[in-house]
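Each chain is listed here by its residues.
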Amino acid sequence: MFRALLTIVGILVLVAIGGGGGVLFVFHNFGRDLPEYRQLADYEPPVMTRVYGGDGRLLAEYAVEKRVFVPIKAMPKRVVRAFLAAEDKNFYIHPGVDVLSVMRAALINVKNIGKSKRPVGASTITQQVAKNFLLTNEVSWKRKIQEAILAFRIERALSKDRILELYLNEIYLGFGSYGVAAAALNYFDKSMDDLNIAEVAFLAALPKAPNNYNPVKKPKAALIRRNWVIDRMQASGFITAEEATRAKEIPLKVAKRSATEYVTAEYFAEEVRRDLVKRFGEEKLYKGGLSVRTTVDPTLQTIADQVLRQGLEAYDRRHGWRGPIARLADGTRLDIAADWMRGLAKASPVKGLGEHLLAVVIGLDKAAATIGLADGGTGRIPLAEMAWGRPWKKDQKRGPKVTHPVQVLVPGDIIAVDAVHTIGGDPKAKPYPKGTYGLRQLPNVDGALVAMDPHTGRILAMSGGYSFERSQFNRVTQAMRQPGSAFKPFVYLPALDLGYTPSTLILDAPFVIDQGPGLPKWRPANYTKKFYGPSTMRLGVEKSRNLMTVRLAQTIGMEKVSEYAKRFGIVDAMPDTLSMALGSGETTLLRLTTAYAMLVNGGKRVTPTLIDRIQDRHGLTIFRHDQRDCTACRATFWTDQGVPVTPDPRQKVTEAASAYQIVSILSGVVERGTGRRIMAVGKPLAGKTGTTNAEKDTWFIGFSPDLAVGVFVGFDEPIPLGRRETGSSVAAPVFRDFMAAALKNKTAIPFRIPPSIRLVRINYGTGQLARPGDKNVILEAFKPGTIPDGRSEILKGQSWTENGDLYKPATGTGGLY
């Protein structure tokens, strides 16, 4: 008996030794070359970057996997318990592998041998973390053994809560949901805190195979699986039997996720995306979970988009009808009267259509065109609403006036229309019958508008073109164009810094420059082709006189002008040639608008920015545009302390007095000069038009005391805009409409005058002190010691006649005046 007992004990010892050796062999053999599990301690799952507008609303999201990371301590207990009940009820007890579950799964798999069934697993949450983060989805004994080894190692390196946190934030749960928080939103349009027992049970049912339990495609299987999880929650003691019964009675319904209210600013958002990629790289942008607060003002952005589109369409309509968007079936086989709906439905989508409606012409008579709309309805376009549609001709000219609809449209034309209520939109006009539409056309000209805070450089609105859908090219930042006369203030500014005044007289007379052997003589001219004799510097800017500008640039030296162009960030390396004084150097709308902002803010440098602040996934601020350090501003309570004095670190780029003199002159451009259309706004505004040779580029850059705005209009492939189409007629109306809407219901604020400026009554025509009885009198801005004393030398410059002789002004235009 004793011998038998010893034998049994010996066998057991040998089996134990053999088993232990086998385990050691397995761990040694399969545990080599496994991934480094300690990286999970610092692992951060890919999280989407969110970009917010200035009012806190969402502007854009960037992600590879749309995941919302939630720390385990912030997760509702109900959610955690549901996943534990469904996936690993012994999670907080086992060392990484649940031995009892493994044995049970082994018995089931033995029974299923030869039945072509997928092997049953017994993976714990820790094992799933090992598989999801470190291994593949391969179904094999080798992978299961490696999974178990890694699970033991992970349990030694990480806390249970950390493992569970990784799991609940990483798992894919279908419907494009990575992590439980995203799944709660996508399936039920709820945060995790608002989920009921039935809903958390369904989410906990998904990790095994989300597609197998899709509540839309496989509702029966999804319901069975959800109810099984509810039973597991009850069996684990997480809910009562009564709660389980009530939960099972709740129908399984998916709620469509509420539409997120986004700020619409497509060009702005894309520019922010480029900025973030440049700063951090694509990896951090799409996976880093950045929180980005931008500068965009949604109200101003909406205004910018609207007025730019309206301005481009207004220009386009002045130059005639280029034809329909498309034709039904491009042939005559289609019975338009019977099949127009089918034909219109098959028409290719139109990029840039915006709020316009797509329609097809189905009939014509003497008074109107009958159209069919995409919704099946019909309407009419009266002749008055297509009278603008004279045929487009070469060089932006137009054909004969429209007297019959057949001159513009034919049945089968696919066109853009808008519902109209009165002729020309005049509310006082007789209303049209219901179902009346106006003919519209998508412009082939394009443009841009940017608005910024001149004191900080914060970009408040950016509209880079007629339609982002049609063209992602941002004409605010990417289009290099000639600014023309919009550059002139930066020729006159250095002259003011050198001691000239707005009343300085400059000769407006023919100017010829010999460019050298083999080159033609350069003969700049005024837009009017006329000469006006000695005129004040102010008048030269207000009336945009080219000849005066060239003479001034020659006198102070183009080197000085180039220096100011670089100092204000307009052109980095501008050639020292006189033609550059007339704006022939290329720049962007953003650069030029920023330069104007530095005029109205008193000559302080600002850097344009789209972003106020960037925080990383942990809430740490990693970028802030405003670098001012104001310790006193951080006071929590008021204890009779004084108002904090905020430091001003902005670099001075010009004298405040000179900057104001330019602002005053540019106010005159609006009051009396080429920008008179802007006066309709009724608020203190200043700015300058710009038009290049052959009217290829048109600009208006201007500002109120606290808002700088730039507008550019031109064809992407530069061609003339047409006769008499200038910055005054094309770009200025867009600026005017933007400012009228942006400043509506706001108190009129005068331009701020530096203490060193003296306002003196001056005769506008002569630039001399006003005398009793003078009618054309203005207040002119002077620095101390520069007020006119009755004698002013005329700045004449040097030019040559056709014979190569030095040009001499006619009697009365030289010497003292």
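These figures come from a predicted structure and were not determined experimentally. (Residues numbered from 1 in each chain as written. Predicted model: local features only at pLDDT ≥ 70, side-chain atom pairs only at ≥ 80, totals over all residues. Heavy atoms only, no water.)

Visitor: What is the right way to read the overall build of the chain from this model?
Guide: A count of helices and strands for the chain gives 21 helices and 22 strands. When burial is assessed residue by residue, the chain has 49% of its 817 residues classed as buried. For the chain, long-range pairs separated by at least 24 residues make up 69% of all intrachain contacts whose partners lie at least 6 apart in sequence. Accessible surface, the chain as shown: approximately 40,500 Å² in total, 55% of it carbon and sulfur. (Helix = DSSP H or I, 4+ residues; strand = E, 2+ residues; numbered from the N terminus. Buried < 20%, exposed > 50% of the residue type's maximum accessible area, 1.4 Å probe, protein only. Contact = heavy atoms within 4.5 Å. Areas by Shrake-Rupley, 256 points an atom, 1.4 Å probe, with all protein chains shown as cover.)

Visitor: In this structure, what is going on with the environment of Thr621? I would like to understand it.
Guide: Following the sequence through the fold, Thr621 ends up in strand E17 (residues 621-624). As for Thr621 and Val292, which are separated by 329 residues in sequence, their C-alpha atoms are 9.8 Å apart. Beyond its immediate sequence surroundings of up to four residues, Thr621 is in contact with Arg613, Ile614 and Gln615.

Visitor: I would appreciate a short explanation of the sheet that holds strand E20 (residues 707-714) in the present structure.
Guide: Hydrogen bonds between backbone atoms are what pair the strands of a sheet, whose relative direction is either parallel or antiparallel. Spatially, five strands are ordered E13-E12-E20-E19-E18 in an open sheet, and the strand pairing comes out antiparallel. Each edge of the sheet is formed by a strand with only one pairing partner; in this case those strands are strand E13 (459-463) and strand E18 (686-691). Put simply, the sheet's adjacent strands are angled 5° from each other on average, direction ignored. For strand E12 (residues 446-452) and E20, the ladder comprises seven bridges, and the chain directions are antiparallel. By the bridge assignment, Gly447 is partnered in E20 with Val713. The sheet strands contacting helix H13 (residues 298-317) are E12, E13 and E20, and the helix crosses E13 at an angle near 30°. (Pairing = 2+ DSSP bridges. Axes fitted to C-alpha atoms, helices over the stretch in contact; angles between N-to-C directions.)

Visitor: What is the right way to look at the pairing of strand E1 (residues 49-52) in this model?
Guide: Consecutive side chains along a regular strand alternate between the two faces of the sheet. Residues Thr49 and Val51 of E1 are buried on one face, while the alternating residues Arg50 and Tyr52, pointing to the opposite face, are not. The loop that links E1 with its antiparallel partner strand E2 (residues 58-62) comprises five residues; one of these, Gly56, has a positive phi angle of about 90°. Direction of pairing for E1 relative to strand E3 (residues 291-294): parallel, over a ladder of three bridges. Pairing of Arg50 across the sheet is with Ser291, part of E3.

Visitor: For this particular structure, what's the right way to read helix H20 (residues 656-672)?
Guide: Along an α-helix, residues three or four apart share an orientation, since each turn contains 3.6 residues. Between its terminal C-alpha atoms H20 stretches 24 Å, which fits the 24 Å expected from 17 residues at 1.5 Å a residue. Across the 17 residues that make up H20, a large majority, 14, are buried. (Expected span 1.5 Å × (residues − 1).)

Visitor: What am I meant to see in the sheet that holds E2 here?
Guide: If you trace the five strands from one edge of the open sheet to the other, you get E2-E1-E3-E16-E17, paired in mixed fashion. The strands lining the two open edges of the sheet, one partner per strand, are E2 and E17. For this sheet, the mean angle separating the axes of adjacent strands, direction not counted, is 15°. Against the sheet, helix H11 (residues 266-280) touches E1, E2, E3, strand E16 (611-615) and E17, its axis set at about 50° to E16.

Visitor: How should the packing of aromatic side chains be read in this particular structure?
Guide: The relative placement of two aromatic rings is captured by the distance of their centres and the angle of their planes. Taken as a whole and assessed by the stated rule, the structure comprises 18 aromatic pairs. Ring centres of Tyr187 and Phe202 lie 5.4 Å apart, and the angle between their planes is 75°; on these two criteria the pair is classed as edge-to-face. Taken together, the residues Tyr187 in helix H7 (residues 180-188) and Phe202 in helix H8 (residues 197-204) connect sequence positions 15 residues apart. Taking the relative accessible area as the measure of exposure, Phe202 reaches 1% and is therefore buried. Between the aromatic rings of Phe188 and Phe202, the centroid separation amounts to 6.1 Å while the plane-to-plane angle is 80°, which identifies the pairing as edge-to-face. Taken together, the positions of Phe188 in helix H7 and Phe202 in helix H8 put the pair 14 residues apart, joining distant regions of the chain. Here Phe188 falls in the buried class, since its relative accessible area comes to 5%. (Phe/Tyr/Trp six-rings, centres within 6.5 Å; stacked < 30°, edge-to-face > 60°.)

Visitor: Help me out: how do you make sense of a nonpolar patch on the surface in this one?
Guide: Nonpolar side chains collect at one region of the surface, where Val99, Leu100 and Met103 lie side by side and expose about 330 Å² of accessible area between them. Among the secondary structure elements, Val99 is positioned in helix H3 (residues 99-111). (Patch = residues over 30% accessible without salt bridge, like charges linked within 9 Å, V, L, I, M, F, W, Y side chains within 5 Å. Salt bridge = Lys/Arg side-chain N within 4 Å of Asp/Glu carboxyl O.)

Visitor: Just checking my understanding: could you explain the confidence of the model for the chain for this structure?
Guide: Caution applies to low-pLDDT parts of the model: their predicted coordinates are not meant to be read in detail. On average, residues of the chain score 88 in pLDDT, and 88% of them are at 70 or above. For the stretch residues 19-32, pLDDT sits under 50, and the model shows 12 contacts to residues farther than four places along the chain or on other chains. In this model, residues 806-817 is a region of pLDDT below 50 whose contacts with residues beyond four sequence positions or in other chains number 31 contacts. (pLDDT = per-residue confidence, 0-100.)

Visitor: Help me understand helix H17 (residues 546-556), please; the structure alone is not making it clear to me.
Guide: Counting buried residues along H17, nine of its 11 residues qualify, which places the element largely inside the surrounding structure. Two residues or fewer after H17 comes Gly557, characterised by a positive phi angle close to 95°.

Visitor: Could you clarify how one ought to interpret the packing of helix H2 (residues 77-87) against H8 in this entry?
Guide: What describes two packed helices is the angle between their axes and the distance between those same axes. Where H2 meets H8, the axes come as close as 9 Å, and the angle between the chain directions of the two elements is 45°. If you check the angle between H2 and H8, you find them oblique. Handedness of the H2/H8 crossing: right-handed. Of H8, the residues touching H2 (which contributes Arg78, Val79, Ala82, Phe83, Ala86 and Glu87) are Ile197, Val200, Leu203 and Ala204. (Parallel < 35°, antiparallel > 145°, perpendicular 65-115°, else oblique. Left-handed = near helix turned anticlockwise from the far one by under 90°.)

Visitor: So what exactly am I meant to see when it comes to the packing of H2 against helix H9 (residues 219-235) here?
Guide: Packing of H2 against H9 leaves a shortest axis separation of 8 Å and a crossing angle of 100°. Relative to H9, the element H2 lies roughly perpendicular. The segment H2 lies against H9, with Arg78, Ala82, Ala85, Ala86 and Glu87 engaging Arg225, Trp228, Val229, Arg232 and Met233.

Visitor: Quick question: what am I supposed to make of the pattern of salt bridges here?
Guide: Two side chains with opposite charge may pair up if their charged atoms get near one another. Taken as a whole and assessed by the stated rule, the structure comprises 41 salt bridges. Residues Asp413 and Arg327 are paired through a salt bridge, measuring 2.9 Å at the closest nitrogen-oxygen approach. Of this pair, Asp413 sits in strand E10 (residues 413-419) while Arg327 sits in strand E4 (residues 326-327), placing them 86 residues apart in sequence. Arg327 sits in the partly exposed class, given a relative accessible area of 31%. Notably, a salt bridge pairs Arg672 with Glu671, separated by 3.2 Å at the nearest N-O pair. A relative accessible area of 21% places Arg672 in the partly exposed class. Residue classification places Glu671 among the partly exposed residues on the basis of a relative accessible area of 42%. One network of salt bridges, with partners in common, ties together Arg538, Glu542, Glu671, Arg672 and Glu780.

Visitor: What is the right way to look at the side chain of Ser485 in this model?
Guide: Along the chain, Ser485 turns up in the loop between E13 and helix H15 (489-497). Look at Ser485 and you get buried, because its relative accessible area is 9%. When near neighbours in sequence (up to four residues on either side) are disregarded, Ser485 contacts Ser544, Asn546, Leu582, Lys688, Thr689, Gly690 and Thr691.

Visitor: Please explain the environment of Leu449 as it appears in this structure.
Guide: Looking at where Leu449 falls in the secondary structure, it is placed in strand E12. A relative accessible area of 0% places Leu449 in the buried class.

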